[in-house]
Amino acid sequence: MSSAADPSAAPLRVIAVIVSHDGVGWLPHLLSSLARSTRLPDLTVGVDTGSLDGSADLLRGTLGSELVLEVDRAIGFGAAVAAGLDRAADAVATVSGRHAAVAEAGEEWVWLLHDDCAPDPDALARLVETAVTDSRIAVVGCRVRAWPHARRLLEVGVTISGTAHRETGLEPGEYDQGQYDDVRDVLAVSSAGMLVRRSAWASLGGLDPRLPLFRDDVDLGWRAAAAGWRVVVAPAAVVHHAEAASRGTRSISTTTRRPHQADRRAGIYTVLVNCRAAALPYVYVRLLLGSLLRILGYLLGKLPGAAWDEAAAGAAALGRPWEVLAARRWRRRLRVGPPAGVRHLLPPWWSPYARGLDAALSRCAEPLHQAATRLNSSTRRLRGGRGEPSRLESGPVPDEAVDLPSGAGPLELVARHPLLCLTGVLTVAGLVASRGLWGGGFLQGGALLPAPDSAGGWWRLFTEDRHQVGLGSDLSTSPYVAVLAIAATVLLGKAWLAVDLLMMFAPVLAAVGAWMASARLVRGPSTRLWMALSYGLVPVVTGAVASGHVGTVAVAALLPWVARSACRLLDVESAARWGAAWATGLTLSLATAFAPVCWPVAVVLGVLALGWLLVGRQWARVAQWVLALALPVVLLAPWSWRVLTDPPLVLTEAGLVDVPGTSISGSAWQLAFLRTGAVDQAAWWLTAGVTVVAVLALLRTDTRARVSAAWLVAASGLGAAAVLSRHLVAAPLGAGTAYPWLGVPVVIAGAGLIGAAGIAADGLRGHVGSESFGWRQPLALAAVVVGLSAPLLGLGWWVTAAPHGDLHHGAAVPVPAYMVAAMSTSDARVLVLRTNSSTVRYQVLAGDGERLGDDSVLPPGGAPRLATVVADILSQSGPEDVPALGEMGIRYVVLPSPQSSTAVAKLDSLAGLSRTSTEQSVLSGWQVEEVAGSTGREPGSREGLVLMLAVLWALVTVLAAPGVRRRPLQAEQEPR
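Chains are numbered independently. Their residues run from 1 in the order of the written sequence. Per-residue local features are limited, in this predicted model, to residues with pLDDT of at least 70; the limit for side-chain atom pairs, both in listing and counting, is 80 or more; totals at the level of whole chains, interfaces and linings are taken over all residues. The side-chain figures draw on all heavy atoms in the structure; neither hydrogens nor water molecules are used.

**Remarks on the overall build of the protein**
Then step 1. The helix and strand inventory of the protein stands at 36 helices and 21 strands.
Then step 2. Taken over 976 residues, the protein has a buried fraction of 51%.
Then step 3. Put simply, of all contacts in the protein between residues at least 6 apart along the chain, 77% involve residues at least 24 apart.
Then step 4. The accessible surface values rely on the Shrake-Rupley method and a 1.4 Å probe; as for residues, cover is taken only from the protein chains in view. Here the protein displays about 41,900 Å² of accessible surface, and carbon together with sulfur accounts for 62% of that area. Secondary structure elements follow DSSP: runs of H or I of four or more residues count as helices, runs of E of two or more count as strands, with numbering from the N terminus. Each residue is assigned to one of three classes by its accessible area relative to the maximum for its type, calculated with a 1.4 Å probe on protein chains only: buried under 20%, partly exposed between the two thresholds, exposed over 50%. We call two residues in contact whenever any of their non-hydrogen atoms come within 4.5 Å of each other.

So, in structure tokens, the structure goes:
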């Protein structure tokens, strides 16, 4: 397809080069667009790169056989254009008559066309008009829009950032509204519709053969600008581009089937070979570090293919400096003027980071914006009286919303936003229920120790191998300390705030987790709401919050997430996913860190699940379930080995051993009603509704299998409570023994009972309604009433009558300030004696006093020598007792109120003890005469082990987290 040149355009001539590669789906549109052009090319040649779909035949039928060249399929775009220009020269030299006008024409230009682009009829005319305005113009580009006639902009000139990413300056999906109508200088233009001065093409050497597909146009424009030429964009010339390669509608041989890898390699190469010589070392380091960070980001996003592409591209471009230096020498001969002359055409150094931050914030804000929009819309409808569920629902209306009256208001708001309403109610209830607990000092009492002064206290405790607690300890720290440290770090280092939020808003955290987990079990929103509210109140009604059992509270918040991932792992109707196994093991590890009893209960349930999976020959799920059960042992090492070798630790949890605890053996039946034996728990009849409904749930035949599975969970919790209640646990430093706290097994049992009741209640209305009237309908109604009573009564009791137990805010260390200063600046320790009961209890304070986390490293058996000395100084002391205290590093002895007058008199009479300045109504204090002695080696650190554990946890977290979708190449590469 050629024609004589327009006389008005002489002495300028245009040779169009069409490069095709399996483009039969787009070529007809391109050829028809050229036929309608108001300014036809003087000569059009076609180059087919080994197409397998008849593209070459289509070109020959339109252009003629003498003007179509077939080359190897693996050839690059630049080499194909060069071959096409050679064929055009041969045609001009050998063919007379038809191409005589071409041979006689003057200045020559080359018009590059992709097979998947379609220029507007006046595109070439507009390009030529711009090209002749300045003799320094070497390249003119088009305004590129989406295929075939869309107004969405793709490019209006391009540049490249310092991180080797293509920059168009356009917003994603931006429409053409005339905002880019001015002719302007740019670094480069798209090669789809690019018009190049032939003399400039020859002097620049054409497109770099080392860039067969991507970034060749950017490299050409950069070289042209460095050589003193101008590269301009003519917005009046419009070309539509299908972006066939970037959209995945066809593959290009030169990309070796890895377009992202080829695209990234080409970008890095382009920046390296064209940047200023003085900046080359900096650019190398920047691109290397950027590639490493991108690899890490892709791995965190669970995109191993993209990470591999980034690594391979970086190695190919950065790992071959000889190729970079050779390419730079070739470009140096073309450069005119200072290298900085191109700088104004490049984006600022911060541009890619600003765009990345904007994209990340937009992705995070989009779900919140959508949720806020939906809430705002529904609120406006409620206020306007247009609240019928049939109008608000975009899909099938749930059973719970049927027959709601018009303008139902709060009921409809709950039906549409149950989780929002649930968290709002529980938050307000938590604020009311915690009245009297807000104030200065640290939250403490019962099993809860005060938090450290900052997150650094927890990090220090976790990384030390020798702990300044009690008489000193080298036991491995429980991993729950690291979990709390992370939470406190997120809260800007406020460790006290992490504890306050966890204890005072435990129902909110538990209810949110239960809402998410219930989605795996039931479908009805009202059933999920009941399950979430009932479970959210479990930490309160069991007395876990009032007694300060932070371990139970944390497990209550974590257990629903364990159940959520485990249910997904055991769902044989869905595809087996390893992510569910990693998530189950990860959440189980977190729960086990706060309460070791979680792991043996999980193992018991896991053995039952493995048996069921083996019967069903679910081999992949068997392996996944084994992985989930084994992960806590690995992730919690070396603390997990300590628990395995010292089984009595299973009886403990985060926090102090509750010495005043009582046995529940005489009233074990109350365990089924979520009672733990705590003084501050709710009455059994307040929670009886859950148990009654769970028993009635077994009567529904169509859900009996799943209800039975939930009952197995409840039975495992009740069984664990029964086993634990038969043992005693030793308090730290030999302060006696106590019955173990049964809160965690009871929480597990409560989760199972609530799950059984919720499974049977889901769809109960339709199930009962389909049966003829009989005993089922009254029983179902009674079950609903009884079931609703449990959370409502529990909520009312929590807000109005629930006691705070031993919880209070106060000083972290209950000794005078000068004793605290002595402990923090030296190895001095304080012996606290409590004589207000029949059994003398003692406590040794060191460092910053006993803080939450120290309980995990205090030896449960204590120091026999100290126990003997304490007994002696309060009964019949010898001359060696007080020096023995000094040898153990004890500098002060205090007796808090209420004090035994006999004990005070005895201590006053001891030689080597002298009274110190204390407030007698609060405590009495004595100073121990200093004795030279060793208090143990200096604390060390275990940063290497901590770093290894951090990497392992990060890897498991990445494997457990949901992945992200890989973005297409449109914004990063030149489409073909």
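Once you've had a look at it, read on.
**Digging into the pattern of salt bridges**
Then step 1. Salt bridges are identified by distance alone: a Lys or Arg side-chain nitrogen within 4 Å of an Asp or Glu carboxyl oxygen. Applying the stated criterion across every chain, the model contains 27 salt bridges.
Then step 2. In this structure, the salt-bridge partner of Arg-143 is Asp-181, at a minimum N-O distance of 2.8 Å. Pair noted here: Arg-143 is in strand 6 (residues 137–146) and Asp-181 is in the loop between strand 9 (166–167) and strand 10 (184–185), with a separation of 38 residues, a long-range link.
Then step 3. Take Arg-143: its relative accessible area is 5%, and that puts it in the buried class.

**Observations concerning helix 18 (residues 495–504)**
Then step 1. When you tally the buried positions in helix 18, you get seven out of ten residues, the bulk of the element.
Then step 2. Of the residues making up helix 18, those classed as buried are Ala-495, Ala-498, Val-499, Asp-500, Leu-502, Met-503 and Met-504.

**Focus on the packing of aromatic side chains**
Then step 1. Under the pairing criterion, centres of Phe, Tyr and Trp rings, with the six-membered ring standing for Trp, must be within 6.5 Å; the plane angle then separates stacked pairs below 30 degrees from edge-to-face pairs above 60, leaving the rest tilted. All chains considered together, the criterion is met by three aromatic pairs.
Then step 2. On the basis of an interplanar angle of 35° and a centroid distance of 5.4 Å, the ring pair of Tyr-480 and Phe-594 is categorised as tilted. Placement of Tyr-480 in helix 17 (residues 480–490) and of Phe-594 in helix 23 (residues 578–594) is noted, with a sequence separation of 114 residues between them.
Then step 3. Residue Phe-594 is classed as buried on the basis of its relative accessible area of 4%.
Then step 4. Between Phe-673 and Trp-684 the ring centres are 5.3 Å apart and the planes differ by 65°, which places this aromatic pair in the edge-to-face class. In this pair, Phe-673 is assigned in the loop between helix 26 (639–645) and helix 27 (684–696) and Trp-684 in helix 27, connecting sequence segments eleven residues apart.
Then step 5. By relative accessible area, which is 37% here, Trp-684 ends up partly exposed.

**Digging into unusual backbone geometry**
Then step 1. That bond from Ala-637 to Pro-638 is cis: its omega, 0°, falls within 30 degrees of zero.
Then step 2. Within the fold, Pro-638 resides in the loop between helix 25 (619–635) and helix 26.
Then step 3. Despite not being glycine, Arg-215 has its phi angle at roughly 65°, a positive value.
Then step 4. You can call Arg-215 buried: its relative accessible area is 0%.
Then step 5. One non-glycine residue with positive phi stands out, namely Leu-492, at about 60°.
Then step 6. Mapped onto the fold, Leu-492 is located in the loop between helix 17 and helix 18.

**Observations concerning the pairing of strand 1 (residues 13–20)**
Then step 1. Counting buried residues along strand 1, eight of its eight residues qualify, which places the element largely inside the surrounding structure.
Then step 2. Strands qualify as paired when DSSP identifies two bridges or more between them. Looking at chain direction, strand 1 and strand 4 (residues 108–114) are connected through seven bridges and run parallel. Opposite Ala-16, over in strand 4, you have Trp-111 as the bridge partner.
Then step 3. Where strand 1 meets strand 2 (residues 43–49), six bridges bridge the pair, whose relative direction is parallel. Following the sheet pairing, Ile-15 is matched in strand 2 by Leu-43.
Then step 4. Taken together, strand 1, helix 1 (residues 27–35) and strand 2 constitute a β-α-β crossover, and its handedness is right-handed. Orient the strands so they point away from the viewer, and a crossover whose first-strand-to-second-strand path over the helix runs clockwise is right-handed.

**Looking at the sheet that holds strand 19 (residues 890–896)**
Then step 1. Taken in spatial order, the five strands line up as 18-17-19-21-20 in an open sheet, and their pairing is mixed. In this open sheet, the two edge strands, each paired with only one partner strand, are strand 18 (841–845) and strand 20 (913–915). Across the sheet, the mean angle from the axis of one strand to that of its neighbour is 25°, orientation sign disregarded.
Then step 2. Where strand 20 and strand 21 (residues 923–928) come together, three bridges link them in antiparallel fashion. For Ser-914, the partnering residue across the bridge sits in strand 21 and is Gln-927.
Then step 3. Where helices are involved, their axes are fitted lines through C-alpha atoms of the stretch in contact, as for all axes, and angles between N-to-C directions lie from 0 to 180°. Across the face of the sheet, helix 33 (residues 864–873) comes into contact with strand 17 (829–834), strand 18 and strand 19 while running at roughly 120° to strand 18.

**Overview of the nonpolar core**
Then step 1. Definition used in this section: a nonpolar core is a set of buried Ala, Val, Leu, Ile, Met, Phe, Trp, Tyr and Cys residues joined via side-chain atoms within 4.5 Å. Counting residues in hydrophobic clusters, the biggest one holds 145 residues, and the most contacted among them are Leu-426, Trp-458, Tyr-535, Trp-798, Val-830 and Leu-852.
Then step 2. When residues no more than four places from it in sequence are discounted, the contact partners of Trp-798 are Leu-426, Ala-429, Gly-430, Ala-433, Met-504, Pro-507, Leu-537 and Val-540.
Then step 3. Judged by nonpolar contacts, the second largest core, of 68 residues, contains Ile-18, Val-47, Leu-207 and Ala-234.

**Some points on helix 29 (residues 743–761)**
Then step 1. By definition here, a helix of n residues has an expected span of 1.5 Å times n minus one. In this model, helix 29 (19 residues) spans 27 Å end to end at C-alpha, consistent with the 27 Å of a helix rising 1.5 Å per residue.
Then step 2. For helix 29, the buried fraction is high: 17 of the 19 residues fall into the buried class.
Then step 3. Just past helix 29, the residue Gly-763 takes up positive phi, approximately 70°.

**Some thoughts on the environment of Pro-347**
Then step 1. Along the polypeptide, Pro-347 turns up in the loop between helix 11 (321–332) and helix 12 (351–383).
Then step 2. The sequence separation of Pro-347 and Glu-167 amounts to 180 residues, and the corresponding C-alpha distance is 8.0 Å.
Then step 3. The residues touching Pro-347, leaving out its near neighbours within four places in the chain, are Thr-159, Ile-160, Ser-161 and Glu-167.

**Thoughts on the side chain of Ser-589**
Then step 1. As for its position among the elements, Ser-589 is in helix 23.
Then step 2. The class for Ser-589 is buried, based on a relative accessible area of 0%.

**Topic: the packing of helix 25 against helix 36 (residues 943–960)**
Then step 1. Direction vectors running N to C along helix 25 and helix 36 enclose 155°, while the axes themselves pass 11 Å from each other. Put simply, helix 25 runs roughly antiparallel to helix 36. Handedness of the helix 25/helix 36 crossing: left-handed. Residues Leu-631, Val-634 and Leu-635 of helix 25 lie in contact with helix 36, whose contacting residues are Leu-949, Leu-952, Trp-953 and Val-956.
Then step 2. Residues are grouped as follows: nonpolar covers Ala, Val, Leu, Ile, Met, Phe, Trp, Tyr, Cys and Pro; charged covers Asp, Glu, Lys and Arg; every other residue, Gly included, is treated as polar. Its residues placed into classes, the contact of helix 25 with helix 36 shows seven nonpolar, no polar and no charged. Any angle that falls under 35 degrees is termed roughly parallel, while one over 145 is termed roughly antiparallel, one within 65 to 115 roughly perpendicular, and all others oblique. Helix crossings fall into two classes, left-handed where the near helix is turned counterclockwise from the far one by less than a right angle and right-handed where it is turned clockwise.

**Here we look at the confidence of the model for the protein**
Then step 1. Confidence scores labelled pLDDT are given residue by residue by the predictor and lie between 0 and 100. Summing up the model confidence of the protein, the mean pLDDT is 82 and the portion of residues at 70 or higher is 83%.
Then step 2. For residues 96–100, every residue scores under 50 in pLDDT, and the model assigns this stretch seven contacts once sequence neighbours within four places are set aside.
Then step 3. Contacts of residues 970–976 to residues separated by more than four positions or lying in other chains number 42 contacts, the stretch itself having pLDDT below 50.

**Re the pairing of strand 17**
Then step 1. Most of strand 17 is tucked away, with five of its six residues classed as buried.
Then step 2. Across four bridges, strand 17 lies against strand 19 in parallel orientation. Note that in strand 19 the partner of Arg-829 across the bridge is Ile-890.
Then step 3. Sheet analysis places strand 17 next to strand 18, joined by five bridges and oriented antiparallel. Pairing of Arg-834 across the sheet is with Arg-841, part of strand 18.

**So, the state of the cysteines**
Then step 1. Disulfides are defined as pairs of cysteine sulfur atoms found within 2.5 Å of each other. Counted according to the given criterion, the structure contains zero disulfides.
Then step 2. There is no disulfide at Cys-117, and the cysteine sulfur nearest it, in Cys-142, is 8.3 Å away.

**Concerning the packing of helix 27 against helix 29**
When two helices pack together, their arrangement is given by the angle between the helix axes and by the axis-to-axis distance.
Then step 1. For the pair helix 27 and helix 29, interaxial distance at closest approach is 8 Å and the crossing angle is 55°. The pairing of helix 27 with helix 29 is recorded here as oblique in orientation. As for the relative orientation of helix 27 and helix 29, their crossing is left-handed in sense. Contacts between helix 27 and helix 29 involve Val-690, Thr-691, Val-693 and Ala-694 from the former and Leu-753, Ile-754, Ala-756 and Ala-757 from the latter.
Then step 2. Looking at the contact of helix 27 with helix 29 residue by residue, the classes come out as seven nonpolar, one polar and no charged.

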